[in-house]
Amino acid sequence: MRAHLLGKQEMNLQKTSEDPSGPLERYMQILEVLAAFPGSLTLADIAALLELPKTTAHRLLRGLARSGLANGGGNRPYEVGERLMRLLHASADEGWLTSLARPHLRALTESTRETCYVTRLVGSRVVVAASLSPDARWRGYVQPGIEMPINAAASAKAIMAYQEKAAIDKALSHELPMLTAKTRRDRVWIERQLAETRKRGYATCIGEIDEGLAAIAVPVKLSSGIVLHSVAMTGPLQRIMNDQLAERLKALGRAADALAALLSIGERVKGIRESADEMGKAASETSVMTDRHASKSSAPAISRPATTKPMAKAKKKAKPGRKQDRARAAGR
């Protein structure tokens, strides 16, 4: 019985290894399944859904985990990895993010009469993805596409506070601007600001970019738990840092939660499409190279039976025909 099971397992492994779609297709299938059922699938679930041997599914998942494309294993369910999430959100195309964020920014702007905006992490930089300003005489203004300094901007602090140490180190390795008399560039102060942001759940900028202006920001936590965006508000200092601060932070928090839910859906759709395109191209190129190699190596084996065997049969049939012709000619 044991020998039979081992033999069956070897046949399954051989079948999987000979799959003409190649390993990239199987990696893609696993990522699609993880995106469809975030944080809820075990190794046994994935193997069953994709009809793979557990050993093969485990090997593929381990490779994805080593590359940061998947997380999980042991007693934890599997999910799409942080590296892939960052790659998807670092796309140069901001149209989908803007379309999702704009309704929430409009509601915030109308209720608070202040400029509200969404920023996102691109590599080690924080840039403005979308911004909306009220029709008011005294207001702040934030231009989409500009970079927000990590040492001063509330929106940048709200994102960088939740990044790994290596990402923070890289962001701080660049020259930091000195914008006003209240701007600080020393690392100890910046790290203290990030720690305070994590503790209280929001970040502030009080005259650190423009004198007389202030800003508050909250992180947008995706379903995977990572933070790649923030929702922020800016305006005259006396209007931002007053007795309405608590209510405005709650409004920012509600907008961030709503945006997180939409982005979690958007990232899955966008991720499946972009990953499918990239891996599909790679798989296609691999398949073409495999087909060319196979055609070259199999051509001689195909040509011999097609030419030699029929000719041999033709010769055997021709001999009796020639003897009959001689006999008929002799009779004549």
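Residues numbered from 1 in each chain as written. Predicted model: local features only at pLDDT ≥ 70, side-chain atom pairs only at ≥ 80, totals over all residues. Heavy atoms only, no water.

Student: So, the overall build of the chain: which residues are in play, and what are the values?
Tutor: Each helix and strand in the chain was counted, giving 11 helices and 7 strands. With 332 residues in all, the chain has 39% of them scored as buried. Once local pairs closer than 6 in sequence are excluded, the contacts in the chain between residues at least 24 apart make up 62%. (Helix = DSSP H or I, 4+ residues; strand = E, 2+ residues; numbered from the N terminus. Buried < 20%, exposed > 50% of the residue type's maximum accessible area, 1.4 Å probe, protein only. Contact = heavy atoms within 4.5 Å.)

Student: I'd like to hear about the pairing of strand 2 (residues 76-80), residue by residue, with values.
Tutor: Sheet topology places strand 1 (residues 70-73) next to strand 2; 3 bridges connect them, and they run antiparallel. What sits directly across from Asn 71, in strand 2, is Glu 79. Here strand 1 folds back onto strand 2, and the loop between the two strands holds 2 residues, one of which, Gly 74, carries a positive phi near 70 degrees. (Pairing = 2+ DSSP bridges.)

Student: A description of helix 9 (residues 187-200) should follow, citing residues and the corresponding values.
Tutor: Relative to the 20 Å expected for 14 residues at 1.5 Å per residue, helix 9 spans 20 Å between its end C-alpha atoms, a close match to the ideal helical length. All of the buried residues in helix 9 are Trp 189, Ile 190, Gln 193, Leu 194 and Thr 197. Axial view of helix 9: buried residues confined to an arc of 140 degrees, hence all on one face. Residues of helix 9 that are exposed and angled more than 90 degrees away from the buried face: Val 188 and Lys 199. Where helix 9 is buried, its residues contact helix 7 (154-160), helix 8 (165-172) and strand 5 (203-206). Once helix 9 finishes, Gly 201 follows within two positions and takes phi at roughly 90 degrees, a positive value. (Expected span 1.5 Å × (residues − 1). Arc of directions from axis to C-beta.)

Student: Run through the pattern of salt bridges, naming residues and quoting values.
Tutor: If you walk through the whole model with that rule in mind, you get 9 salt bridges. Taking the shortest distance from any N to any O, the salt bridge between Glu 114 and Arg 239 comes out at 2.7 Å. With Glu 114 in the loop between helix 6 (95-112) and strand 3 (115-122) and Arg 239 in helix 10 (residues 237-240), this pair connects stretches of sequence that are 125 residues apart. A relative accessible area of 1% places Glu 114 in the buried class. In this structure, Arg 184 engages Asp 186 in a salt bridge whose closest nitrogen and oxygen atoms are separated by 3.1 Å. Among the charged side chains, a salt-bridge network with shared partners connects Lys 165, Asp 169, Arg 187 and Glu 191. (Salt bridge = Lys/Arg side-chain N within 4 Å of Asp/Glu carboxyl O.)

Student: Any details on the packing of aromatic side chains? Residues and values, ideally.
Tutor: Enumeration according to the criterion identifies 0 aromatic pairs in this entry. In this structure, Arg 200 packs its charged tip against the face of Tyr 202, placed 4.6 Å from the ring centre. (Phe/Tyr/Trp six-rings, centres within 6.5 Å; stacked < 30°, edge-to-face > 60°. Lys NZ or Arg CZ within 6 Å of the ring centre and 35° of its normal.)

Student: Give me the lowdown on the side chain of Arg 248, citing residues and values where you can.
Tutor: By the secondary structure assignment, Arg 248 is in helix 11 (residues 245-331). On the accessibility criterion, Arg 248 (9% relative accessible area) is buried. Among residues more than four places away in sequence, those in contact with Arg 248 are Thr 112, Glu 114, Ile 216, Met 233, Arg 239 and Ile 240.

Student: I'd love a proper account of the packing of helix 8 against helix 9, names of residues and values included.
Tutor: Contact geometry of helix 8 with helix 9 gives a least axis separation of 12 Å together with a crossing angle of 135 degrees. Classified by the angle their axes make, helix 8 and helix 9 are oblique. By crossing handedness, the relation of helix 8 to helix 9 is classed as right-handed. Residues Lys 165, Ile 168, Asp 169 and Leu 172 of helix 8 touch helix 9, and the partners they reach there are Arg 187, Ile 190 and Leu 194. (Axes fitted to C-alpha atoms, helices over the stretch in contact; angles between N-to-C directions. Parallel < 35°, antiparallel > 145°, perpendicular 65-115°, else oblique. Left-handed = near helix turned anticlockwise from the far one by under 90°.)

Student: An account of the pairing of strand 3 is requested, with residue identities and associated values reported.
Tutor: Among the 8 residues in strand 3, 8 count as buried, and that is most of the element. By the bridge criterion, 6 bridges tie strand 3 to strand 7 (residues 227-236) in an arrangement that is antiparallel. Counterpart to Tyr 117 in the pairing with strand 7 is Ala 232. In this structure, strand 3 lies alongside strand 4 (residues 125-132), joined through 7 bridges in antiparallel fashion. Across the sheet, Tyr 117 pairs through a bridge with Ser 131, a residue of strand 4. Adjacent in sequence and paired antiparallel, strand 3 and strand 4 are bridged by 2 residues, among which Gly 123 carries a positive phi angle near 70 degrees.

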